[in-house]
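In case you want the letters, here they are:
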Amino acid sequence: MRKLTLVLVCLLVALPASAKPRLGAIASAHPLATEAGFEVLAAGGNACDAAVAVSAALAVVEPVSSGIGGGAFYLIERRGGQALFVDARETAPASATRDMYLGADGEHDRRRSLDGPLAAGIPGEPAALAHVVKRCGRLDLKRTLAPAIRLASEGFEPDAFHLLMAGMRKAALAASPAAAAIFLDNGEAPKAGFRLVQKDLAAVLQRLARAGKAGFYEGETARLIVDGVNAAGGAWTADDLKHYKVVERAPLRGRYRDMDVLTAPPPSSGGVALLAALNILEGFALDLRDSVTGKHLIVEAMRRAYRDRAEYLGDPDFVAMPIAQLIDKNYAAGLRAGIRPDRATPSASLPGAPAGPEGTDTTHFSVVDTHGNVVSATLSVNIPFGSGFVPPGTGILLNDEMDDFSAKEGSPNTYGLIGAHANAIAPGKRPLSSMTPTILRRGDTMAVLGTPGGSRIISMVLLGALEFAAGNDDPAAWVSTGRYHHQFWPDVIEYEPEGLNDTDRAGLERLGHTLKPVDRRYGNMQAIAWQPANGEMKAASDPRRKGSAQVR
Ligand code: GLY
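Bear in mind that the values here come from a model prediction, so they are computed numbers and not experimental data.

Calculation notes
Residues numbered from 1 in each chain as written. Predicted model: local features only at pLDDT ≥ 70, side-chain atom pairs only at ≥ 80, totals over all residues. Heavy atoms only, no water. Helix = DSSP H or I, 4+ residues; strand = E, 2+ residues; numbered from the N terminus. Rg over C-alpha atoms; globule rule 2.2 N^0.38 Å. Buried < 20%, exposed > 50% of the residue type's maximum accessible area, 1.4 Å probe, protein only. Contact = heavy atoms within 4.5 Å. Areas by Shrake-Rupley, 256 points an atom, 1.4 Å probe, with all protein chains shown as cover. Lys, Arg positive; Asp, Glu negative; His and termini not counted. Charge placed at Lys NZ, Arg CZ, Asp CG, Glu CD. Near = heavy atom within 4 Å. Polar contact = N/O pair within 3.5 Å; in protein donor to acceptor, adjacent residues only side chain to side chain. Nonpolar A, V, L, I, M, F, W, Y, C, P; charged D, E, K, R; others polar. Expected span 1.5 Å × (residues − 1). Phe/Tyr/Trp six-rings, centres within 6.5 Å; stacked < 30°, edge-to-face > 60°. Lys NZ or Arg CZ within 6 Å of the ring centre and 35° of its normal. Pairing = 2+ DSSP bridges. Axes fitted to C-alpha atoms, helices over the stretch in contact; angles between N-to-C directions. Parallel < 35°, antiparallel > 145°, perpendicular 65-115°, else oblique. Left-handed = near helix turned anticlockwise from the far one by under 90°. Core = buried A, V, L, I, M, F, W, Y, C linked by side-chain atoms within 4.5 Å. Disulfide = S-S within 2.5 Å.

Novice: Help me understand the overall build of the chain, please; the structure alone is not making it clear to me.
Specialist: Along the backbone of the chain there are 20 helices and 16 strands. Its C-alpha radius of gyration of 23 Å places the chain within 12% of the 24 Å reference for a compact globule of 552 residues. Across the 552 residues in the chain, those meeting the buried criterion constitute 60%. Long-range contacts, defined here as pairs at least 24 residues apart, represent 71% of the contacts in the chain between residues at least 6 apart. On the chain, roughly 20,700 Å² of surface is accessible, and the fraction owed to carbon and sulfur atoms is 55%. Computed over 59 positive and 60 negative side-chain charges, the inter-centroid distance for the chain is 5 Å.

Pasting the structure below:
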């Protein structure tokens, strides 16, 4: 007995009363969303459960960027290495037509593809939440949605970025009485101290928690959405919602030197362009180049990867795409051979079409649990506050992801080039996306990363991946690296102040590049580094915004 007591005392000394089991790492764009994820991990959930909790919480506390009126991509690597990609991209309603956003003058009327119910695709995120929990979670929707339901009912104080964006999108929000009642304060953009309470959204989330997918896509929520959209000039049917399905797709795989890449397949263009750029760069020994030449070569790889993206990619359920060729090392070698180390290639000298403009307000989060599961997820409503339209009685801000289609395909654009038809509008089709949730592995270390930022998402993930590939295992370095971007057209390098120094700028101009500083820093990368062998985790949030990255 004395021996047993002694053993117990020793154990208690070795394990202080405060010691708690480790939970994992989460990096998200909002502290309350990161907290929601840890709440669910502490309740026995795994990374899939935490991903659902973080997504739903972001829908409540970061409605600027994502929500259950929007869509998402989840890249998941389960313990043991099985990888899956959950495509919950929005779909065009059955009433959609190829030319639906062309005005009487035959030109794209962008206001109609950006604001109001006509701009919205059928939401995918609620179906994804139900799917992810069932497919790889340990808990149920009632538990995983609980933090979001609480945040929506009790309210929270939006941050400065939310208030700024509400001012920017005031006109669209004001045009929807239900949106104005929730997101504006007596018709004006709210000020600091405003409490955002979302009772209708809480009720919608409760129905989703109780009945799963059918709790959103059928029954009262679906009826309120369809009635609200149609009363305001849209054209949705009950079947549009009832027939919405997430699609599980095989993630794209590639290798850059000693780094394995797992990334997003179409309808994301991100993974294809990321792999294409890495394949081109693999033959260039970037580590041996001076800063100007290295950046020049990276820009030339971006130029060619973005060129192919605009030309060939769309929804894989609608268009045949030469994916295997586009990410083939021999194809990349051909493209590499056309790059001059001493001269920029004018985009006009290459065949190809420019992409349309893309929305920038999206969100990314990364999760790793202590069971060996990893989630890299990017979610979107497109531009800030999506379409600005809320169907009355739902609290759901609908997306404006229809703007990610090419609204005017097959005819010359303002640059005299022919727009690609792969991304033309069709009923039930998913618009092409740039969202690039990615998981990398080099040696013992995994990197989980992604970011919002419209078409710049791909170049940001590329720059983060190159940092990791160069041997930098600290996610703080990937998220804070200065950014520059080239997307084939317009033929300019856009850059943040930290992206290019004086010597870089002078050198790149000497090589024939046109430079354009951006008026504000961009991106909001959320990243985790994890060493499965020893369990070490590091998490980092982009210093440009106010996310929360934690290891507990
Ligand atoms: N709406 C942004 C994207 O999907 O890329």
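Novice: Where do I start with the site of the ligand in this structure?
Specialist: Inspection of the region around the ligand gives ten residues, with Asn 382, Glu 401, Asp 404, Ser 433 and Ser 434 positioned closest. Contact distances for the ligand include 2.9 Å between an oxygen atom and a side-chain N or O atom of Arg 89. A distance of 2.7 Å separates an oxygen atom of the ligand from a polar backbone atom of Ser 434. Protein chains bury 100% of the 200 Å² of accessible surface belonging to the ligand in isolation. Partitioned by chemical class, the residues of the shell around the ligand number one nonpolar, five polar and four charged.

Novice: Just checking my understanding: could you explain the environment of Ala 192 for this structure?
Specialist: Relative to the assigned elements, Ala 192 resides in the loop between α9 (177-183) and α10 (199-211). With relative accessibility at 72%, the residue Ala 192 sits in the exposed group. Separated by 35 residues in the primary sequence, Ala 192 and Glu 157 place their C-alpha atoms 7.7 Å from one another.

Novice: Which parts of the structure should I look at to understand helix α12 (residues 219-231)?
Specialist: Turn by turn, an α-helix covers 3.6 residues, leaving residues three or four places apart pointing in a common direction. The terminal C-alpha atoms of α12, which comprises 13 residues, lie 18 Å apart, in line with the 18 Å expected from a rise of 1.5 Å per residue. Taken as a whole, α12 has its buried residues at Thr 221, Ala 222, Leu 224, Ile 225, Val 226, Gly 228 and Val 229. In this structure, the buried side of α12 is in contact with α10, α11 (214-217) and α13 (238-242). Two residues or fewer past α12, Gly 233 is found with a positive phi of approximately 105°.

Novice: How should the packing of aromatic side chains be read in this particular structure?
Specialist: Remark: the centre distance and the inter-plane angle together describe each pair of aromatic rings, the angle taken between the planes. Applying the stated criterion across every chain yields a total of six aromatic pairs. Pairing Phe 73 with Phe 85 gives two aromatic rings, centres 5.1 Å apart and planes at 40°, and the pair type is tilted. Taken together, the residues span a long stretch of sequence, with Phe 73 in strand β2 (residues 71-77) and Phe 85 in strand β3 (residues 83-88) at a distance of twelve residues. In terms of burial, Phe 73 and Phe 85 fall into one category: buried. Among the aromatic residues, those joined into a cluster by ring pairs are Phe 216, Tyr 217 and Tyr 244. In this arrangement the basic side chain of Arg 442 is found over the ring face of Phe 468, its NZ or CZ atom lying 4.6 Å from the centre. Against the face of Phe 161 rests Arg 545, its NZ or CZ located 3.7 Å from the ring centre.

Novice: Honestly, the sheet that holds strand β10 (residues 445-449) in this entry has me stumped. Any pointers?
Specialist: Neighbouring strands of a sheet are bound in pairs by backbone hydrogen bonds; such pairs are parallel or else antiparallel. The strand order β5-β6-β9-β10-β14-β15 describes an open sheet built from six strands, whose pairing is antiparallel. Lying at the two open borders of the sheet, with one neighbouring strand each, are β5 (252-256) and β15 (536-541). Averaged over all neighbouring strand pairs, the angle between strand axes comes to 15°, with direction disregarded. Relative to strand β14 (residues 526-531), β10 runs antiparallel, the two being bridged by three bridges. Note that in β14 the partner of Met 446 across the bridge is Trp 530. Those strands touched by helix α14 (residues 270-282) are β5, β6 (259-263) and β9 (438-442), and its axis lies near 20° from that of β5.

Novice: So what exactly am I meant to see when it comes to the packing of helix α2 (residues 31-42) against helix α3 (residues 47-61) here?
Specialist: The axes of two packed helices give the description: the angle between them and the distance between them. For the pair α2 and α3, interaxial distance at closest approach is 8 Å and the crossing angle is 150°. Compared by their axis directions, α2 and α3 come out roughly antiparallel. Relative to α3, α2 is oriented so that their crossing is right-handed. Across from Leu 32, Ala 33, Ala 36, Gly 37, Val 40 and Leu 41 in α2, the residues of α3 making contact are Ala 47, Asp 49, Ala 50, Ala 53, Val 54, Ala 57, Leu 58 and Val 61.

Novice: Mind showing me how you'd approach the nonpolar core here?
Specialist: Inside soluble globular proteins, nonpolar side chains tend to come together where they are buried. Grouped together as the largest cluster of nonpolar side chains are 82 residues, with contacts concentrated most on Met 259, Leu 281, Ile 298, Leu 462 and Tyr 484. With ten residues, helix α18 (residues 456-469) is the single largest residue contributor to this core. Those residues in contact with Tyr 484 that sit more than four places away from it in its chain are Lys 295, Ile 298, Val 299, Met 302, Ser 459, Leu 463, Ile 493, Glu 494, Tyr 495, Gly 499, Leu 500 and Tyr 522. Formed by 81 residues, the second largest nonpolar core is a distinct cluster that contains Ala 33, Cys 48, Met 165 and Phe 389.

Novice: Is there a simple way to think about the state of the cysteines in this case?
Specialist: Simply put, disulfide is the name for a covalent bond between the sulfur atoms of two cysteines. Within this structure, the stated rule accounts for one disulfide. The disulfide partner of Cys 48 is Cys 136, and the gap between their sulfur atoms is 2.1 Å. For the disulfide bridge between Cys 48 and Cys 136, the dihedral angle about the S-S bond is near -100°, and by the sign convention the bridge is left-handed. Taken together, the residues span a long stretch of sequence, with Cys 48 in helix α3 and Cys 136 in helix α5 (residues 125-136) at a distance of 88 residues. Its relative accessible area of 1% is what places Cys 48 among the buried residues. The class of Cys 136 is buried, set by a relative accessible area of 5%.

Novice: What's the story with unusual backbone geometry in this structure? I'm lost.
Specialist: Across residues other than glycine, the phi torsion is negative in most instances, and most of the peptide bonds are trans. With an omega of 20°, the peptide bond between Pro 266 and Pro 267 qualifies as cis. Even without being a glycine, Phe 385 presents a positive backbone phi close to 65°. Mapped onto the elements, Phe 385 comes out in the loop between β8 (374-382) and β9. Judged by its relative accessible area of 0%, Phe 385 is buried. In the Ramachandran plot, Phe 488 falls in the positive-phi region, its phi being about 75° despite a non-glycine side chain.

Novice: I'm lost on the sheet that holds strand β7 (residues 361-369) in this one. Help?
Specialist: Taken together, seven strands build an open sheet; the order of strands is β4-β3-β2-β8-β7-β1-β16 and the sheet is antiparallel. Both outer strands of the open sheet, β4 (247-249) and β16 (548-551), are each paired with one neighbouring strand and no more. Taken pair by pair, the neighbouring strands of this sheet meet at an average axis angle of 10°, ignoring direction. Bridge count between β3 and β4: three bridges; the pairing is antiparallel. Among the inter-strand pairings, Asp 87 is bridged to a residue of β4, identified as Val 247. Along the sheet face, α3 touches β1 (24-28), β2, β7 and β8 and points at about 155° away from the line of β7.

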